[in-house]
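The chain contents come next:
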2 protein chains.
Amino acid sequence: MRYLLTLCTYLFIWSFSGAQEQPNIILFFVDDLGWQDTSEPFWTKTTSFNKTYRTPNMERLADEGMKFTQAYATPVCSPTRVSLLTGMNAARHRVTNWTLHKDKMQPMETGHQTLSFPPWNVNGITPDFDIDHAVYATPFPSLLQEDGYETIHVGKAHFGAIGTPGENPLNLGFDVNIAGHAAGAPKSYLGVQNFGNIPEFEGTPWPVPGLSSYHGQDIFLTEVLTLEAIKAMDHSLEEEKPFFLYMSHYGVHTPIMPDSRFVQHYYDMGMDSTEAMYAALIEGVDKSLGDIMDFVVEREIEEETIIIFMSDNGGLSAVARGGTPHTHNKPLSSGKGSMHEGGIREPMLVKYPGVTVPGSETDAYLIIEDFYPTILEMAGVTDYETIQMVDGESFASWLDGNTPGMQDRPLYWHYPNDWGPTGPGIGASSTIRKGDWKLIYYHDDGRFELFNIEDDIGETTNEALEEQDRTRAMATELGQYLREVRAQMPYHKESGLLVPYPDKVKI
Amino acid sequence: MRYLLTLCTYLFIWSFSGAQEQPNIILFFVDDLGWQDTSEPFWTKTTSFNKTYRTPNMERLADEGMKFTQAYATPVCSPTRVSLLTGMNAARHRVTNWTLHKDKMQPMETGHQTLSFPPWNVNGITPDFDIDHAVYATPFPSLLQEDGYETIHVGKAHFGAIGTPGENPLNLGFDVNIAGHAAGAPKSYLGVQNFGNIPEFEGTPWPVPGLSSYHGQDIFLTEVLTLEAIKAMDHSLEEEKPFFLYMSHYGVHTPIMPDSRFVQHYYDMGMDSTEAMYAALIEGVDKSLGDIMDFVVEREIEEETIIIFMSDNGGLSAVARGGTPHTHNKPLSSGKGSMHEGGIREPMLVKYPGVTVPGSETDAYLIIEDFYPTILEMAGVTDYETIQMVDGESFASWLDGNTPGMQDRPLYWHYPNDWGPTGPGIGASSTIRKGDWKLIYYHDDGRFELFNIEDDIGETTNEALEEQDRTRAMATELGQYLREVRAQMPYHKESGLLVPYPDKVKI
């Protein structure tokens, strides 16, 4: 009798408030996953990477949903994650580099040879006005929360510096936080190492918080987060609340450690040992995706659950990988930290039951801040107020296949910072993508790179000189945007000259 | 007949549109004039400086108008001048140091030992949105201009960097510009040196522009500017337009050079030669004030002409003066460049015929940005729109003697920069004055100084520790204001730690 009453209540709520009006939303967010780190091809050709990596569940999600081949993020973690949570472009939110220590510039910035970097929002995002050097904004999960959603954070947060409210997802609109804090990497993926919570790492920011019931067990972090995410979703279903799950894996970020469930296969292939462990990290994350998709089917919520798959920046290629640097995202140039496609183009998939056409695909481009209005639109939250000015544009209307053709919307990136490692496209820069073209402006030497991304996906031929008019026009548009948002610029240490916006450089 | 018609027209305009509704306004602005650089006492006691310097025309203006004993500016030129023209506090307009070269930080900033300074608005004020590193604002002269005033700029401008529109007063709402440009000092005061326009100074920014008809003559710059100002006022009277004269003397800024009309008297007193030349510079400026007051009387426009006397920062005391450094503004501590009273307290006089009571005086405090709404109110311009947020508050209602008693309005200063010379109160800092108290927060070492200005005008006793609760309360108010306007802060070069706002410092 009690169950029947519960069922009736559920049906009653469903019929009137509309479960489909408040679908469950799962944002499956992978860390540092490159565009080629999958057996699902995102390029027009199948690459050796697609043949090496094993991601059957990404293939399954692509079969059941829609594939985006030109989805962009920023080249590093925190700027992407803050853009995701605030809907703001990095030039506006000013969390332009990765965050960790409160009120502190990055050491590779203070020690830079030629440039002096502007004080950026080193403290990340803040829900309190009186936290300084942080972007004060309304995170979209708090809007979902207000609208009745259970908002679940699982895994890596990396939204705010240690000792600020933004380090805790519970202060950013999440009802539940599992294992998220200020740090952007786990000290260890291994349960037998307590995910880094061992005496020798005490006092460092990297041990993963919580999860103590798994300490000492022979279990990989990726699996633990999946189990905990499933528990949290189950709780929402019990509470009969629609849920938003931010399934934010620490994988496949460094430290590249062996997931024992999958690594032997790659060792057996004769792969470089680091690359084998990396491939296993990927497969573990893919298994998590499969488990979550299975859960959704088993609980019979498949029709009212949206699944979005995305990564936060390009695959690592400059350091800590096996093989030749900057070959890991081919045909894309470079990798994480770079403004070349290898640093910013992400594997993205969306399954929106009743909306997306199974197996569909688009090469229309979008950028990470677009997720903010899109997710809110999916949740039926359309009438909302935010502290911040939102740059993102919703792509919800594209999901039925009605995608734009030739796009003339400009996308912008701004990184007046230093990341540390070197490589193609890496360094303080500002960038515009428009139509098939991408223009990168390097702050240190005032150099421009212009690529036709459609014809030259590998960014091998700089056409800045040949296409001078186009360079000039794109530099103008980029400069005007940076000026509009009062984007911060570095200055040259020796001369004291401020780096001009790109439209002020003679071309 | 023609003259009669002109007279009738004049009377007609005067009777209907009201000449008193559009009084002439003369802002007599002296450069680097200290609070004691006058024979008119601004303190409760007459000092040896008052007995040494000869400024009979300041005495005359004080007798005919109202004396302000606690009028404040910022410690350096450009921040004051930009606050004057925009009505914004320096923390908001971010022209926090003195301007000269386009897009260029000051060398003493880039070469600083311990602090890295934020990119401030090195280009000064701009009337065009697309000038970067500059504050985009509506200068009050342009509002006067729109309201029918002839707006006359004579002398030192120092509003914008070389090569930007802000370097030219004609782009900032002035109809006439005599001798104003980007530089903040004259290469020479002497006509026989063409005011610096001689081959050996070619290519430097310091030669005074225009004034070529005086080149080669034995005439001092102060006198030339006065003659030209009188010509310009005469022109306005001929045109039958109310005028705003910004009589902005280069004197008494360095180079300290001998005004031959006055210097012998001081030499004869046995003064240090630099101090004798300085005293003569002052007397020359005072003579200019007298000539302008005489002109106003002669032309019978005394009753419809407001005269405001002010200086842009404290008297120089750190370098280039004779005698012991930092003794030149006694009883005030320190001088130009300092947050002690010697750097910011100015001799101020206002004569508003029919409003100010002759010989009246007030110790109510005000700050340079208050001139913006006050001058507009005096001109009857009350319904206006500005690009910027105006911080200043009008003191027009005080002028009939209805001045505030105990004030609880906070005044703010913000200088996240380096000026070069050293001395008491000199260095990157933020400051609040409230009631009798002033709290200074030094960025480099996080030190506080709290002074009771009423009891201890010489700022000899730091009460920050004794008055801990007051220090904390004032630090809170200061921090909140800086946060509200998103004031820029430096960071420590070695640690990368951003200097916190004062309310975040443990007291």
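Note that this is a predicted model, so its numbers are computed, not measured.

A. Structural detail: the sheet that holds strand 6 (residues 150-155) of chain A. All names here are of chain A. If you trace the eight strands from one edge of the open sheet to the other, you get 7-6-8-1-9-10-2-11, paired in mixed fashion. In this open sheet, the two strands that pair with only one neighbour each are strand 7 (176-178) and strand 11 (360-367). Taking the axes of each pair of neighbouring strands and ignoring which way they run, one obtains an average angle of 15 degrees across the sheet. Two strands pair when backbone bridges link them, and strand 6 and strand 8 (residues 243-248) are joined in this way by six bridges, in the parallel orientation. Opposite V154, over in strand 8, you have M247 as the bridge partner. Packing against the sheet, helix 8 (residues 221-238) makes contact with strand 1 (24-30), strand 6, strand 7 and strand 8, and its axis sits at approximately 170 degrees to strand 6. Contacts from helix 12 (residues 371-378) reach strand 1, strand 8, strand 9 (305-311), strand 10 (345-351) and strand 11 within the one sheet, and its direction differs from that of strand 9 by about 170 degrees.

B. Summary view of the interface of chain B and chain A. The interface is formed by 31 residues belonging to chain B together with 32 residues belonging to chain A. Between chain B and chain A lies a buried interface of about 2600 Å² when both sides are counted; carbon and sulfur atoms form 55% of it. For the chain B face of the interface with chain A, the top three residues by lost area are D132(B), Y491(B) and L498(B), together amounting to 22%. Inspection of the chain B/chain A interface yields four salt bridges. In this assembly, chain B and chain A are joined by 16 residue pairs in polar contact (both at pLDDT 80 or more). Of the residues that constitute the side of chain B that touches chain A, the class distribution is 15 nonpolar, five polar and 11 charged.

C. Just the side chain of T151(A), in detail. Residues and elements named next belong to chain A. Summarising the element assignment, T151 is placed in strand 6. In this structure the side chain of T151 is engaged in a polar contact, spanning 2.7 Å, whose partner is the backbone oxygen of G173. Dropping the residues within four chain positions of it, T151 is found in contact with P141, L144, Q145, G173, F174, D175, V176 and F244.

D. Focus on the relation of the copies chain B and chain A. Rotating chain B by 180 degrees and moving it 0.0 Å along the rotation axis overlays it on chain A with an RMSD of 0.0 Å. Read as a symmetry element, the transformation amounts to a two-fold axis. Identified as the residue of chain B closest to the rotation axis by C-alpha distance is P118(B), at 2.9 Å. Interface overlap between copies is the fraction of interface residues in one copy that are interface residues in the other; for chain B against chain A it reaches 100%, indicating a shared surface.

E. Structural context of the domain arrangement of chain A. Residue and element names in this part refer to chain A. Structurally, chain A comprises domain 1 (23-398) and domain 2 (412-504). Computed from C-alpha atoms alone, the centre-to-centre distance between domain 1 and domain 2 is 26 Å. In this assembly, 48 residues from domain 1 lie in contact with 45 residues from domain 2. Across the domain 1/domain 2 interface, buried area totals approximately 3700 Å², and carbon plus sulfur atoms make up 56% of it. Three residues, L115, M339 and H340, lead the burial of domain 1 against domain 2; their summed loss comes to 18% of the area buried on that side. Our count for the contact surface shared by domain 1 and domain 2 stands at one salt bridge.

F. Quick look at the pairing of strand 13 (residues 429-434) of chain A. Residues and elements named next belong to chain A. Across the six residues of strand 13, five count as buried, placing the element largely inside the fold. Alignment of strand 12 (residues 411-415) against strand 13, held across five bridges, turns out to be antiparallel. Looking across to strand 13, one finds that H414 is bridged to S430. Judged from the six bridges that link them, strand 13 and strand 14 (residues 437-442) form a sheet pairing that is antiparallel. Residue pairing in the sheet places S429 in a bridge with Y442 of strand 14. Following strand 13, the chain reverses through two residues before pairing antiparallel with strand 14; G435 in that reversal takes a positive phi of roughly 60 degrees.

G. Here's a closer look at the packing of aromatic side chains. Residue and element names in this part refer to chain A. Per the counting criterion, the structure on display carries 36 aromatic pairs over all chains. Seen in terms of ring centroids, F49 and Y53 are 6.2 Å apart; in terms of plane orientation they differ by 10 degrees. Their pairing is stacked. Residue F49 is classed as buried on the basis of its relative accessible area of 17%. A centroid spacing of 4.0 Å and a plane angle of 0 degrees characterise the contact between Y412 and Y481, whose relative ring orientation is stacked. Of this pair, Y412 sits in strand 12 while Y481 sits in helix 13 (residues 468-484), and the two are 69 residues apart along the sequence. Exposure class is identical for Y412 and Y481. Each is buried. Aromatic ring contacts, followed pair by pair, group F29, F140, F159, F174, F244, Y246, Y372 and Y384 into a single cluster.

H. Empty space enclosed by the protein, seen in detail. Residue and element names in this part refer to chain A. Enumeration over the complete set of coordinates arrives at three cavities of 30 Å³ or more. Within this model, the largest cavity holds a volume of roughly 70 Å³. Lining the largest cavity are T74, P75, P79, N89, A90, T96, I367, E369, Y412, W413, H414 and Y415. For the lining of the largest cavity, a count of residues per class yields seven nonpolar, four polar and one charged. Taken together, domain 1 (23-398) and domain 2 (412-504) each give at least three residues to the lining of the largest cavity, which thus spans both.

I. View of the side chain of S430(B). All names here are of chain B. As for its position among the elements, S430 is in strand 13 (residues 429-434). A relative accessible area of 0% places S430 in the buried class. Reaching out from S430, the side chain makes a polar contact with the side chain of H443 at a distance of 2.8 Å. Contact partners of S430, with chain neighbours within four places excluded, come to W413, H414, L439, I440, Y441, H443, L478 and L482.

J. The arrangement of the sheet that holds strand 12 of chain A in detail. All names here are of chain A. Taken in spatial order, the four strands make up an open sheet running 12-13-14-15, and their pairing is antiparallel. With partners counted over all chains shown, the strands left at the sheet margins are strand 12 and strand 15 (448-452), one partner each. In this sheet, neighbouring strand axes are inclined to one another by 10 degrees on average, regardless of whether the strands run parallel or antiparallel. Helix 13 contacts strand 12, strand 13, strand 14 and strand 15 of the sheet and is inclined by roughly 115 degrees relative to strand 13.

What counts, and where the lines are drawn
Residues numbered from 1 in each chain as written. Chains lettered and ligands numbered in written order. Predicted model: local features only at pLDDT ≥ 70, side-chain atom pairs only at ≥ 80, totals over all residues. Heavy atoms only, no water. Pairing = 2+ DSSP bridges. Helix = DSSP H or I, 4+ residues; strand = E, 2+ residues; numbered from the N terminus. Axes fitted to C-alpha atoms, helices over the stretch in contact; angles between N-to-C directions. Contact = heavy atoms within 4.5 Å. Buried area = accessible area lost by both parts, 1.4 Å probe. Salt bridge = Lys/Arg side-chain N within 4 Å of Asp/Glu carboxyl O. Polar contact = N/O pair within 3.5 Å; in protein donor to acceptor, adjacent residues only side chain to side chain. Nonpolar A, V, L, I, M, F, W, Y, C, P; charged D, E, K, R; others polar. Least-squares fit on C-alpha atoms with pLDDT ≥ 70 in both. Domains from an automatic or database assignment. Buried < 20%, exposed > 50% of the residue type's maximum accessible area, 1.4 Å probe, protein only. Phe/Tyr/Trp six-rings, centres within 6.5 Å; stacked < 30°, edge-to-face > 60°. 1 Å grid on protein atoms, 1.4 Å probe; cavity = no way out; pocket = protein on both sides within 12 Å on 5 of 7 lines; lining within 4 Å. Points joined across faces, edges and corners; volume = space filled by probe spheres on them.

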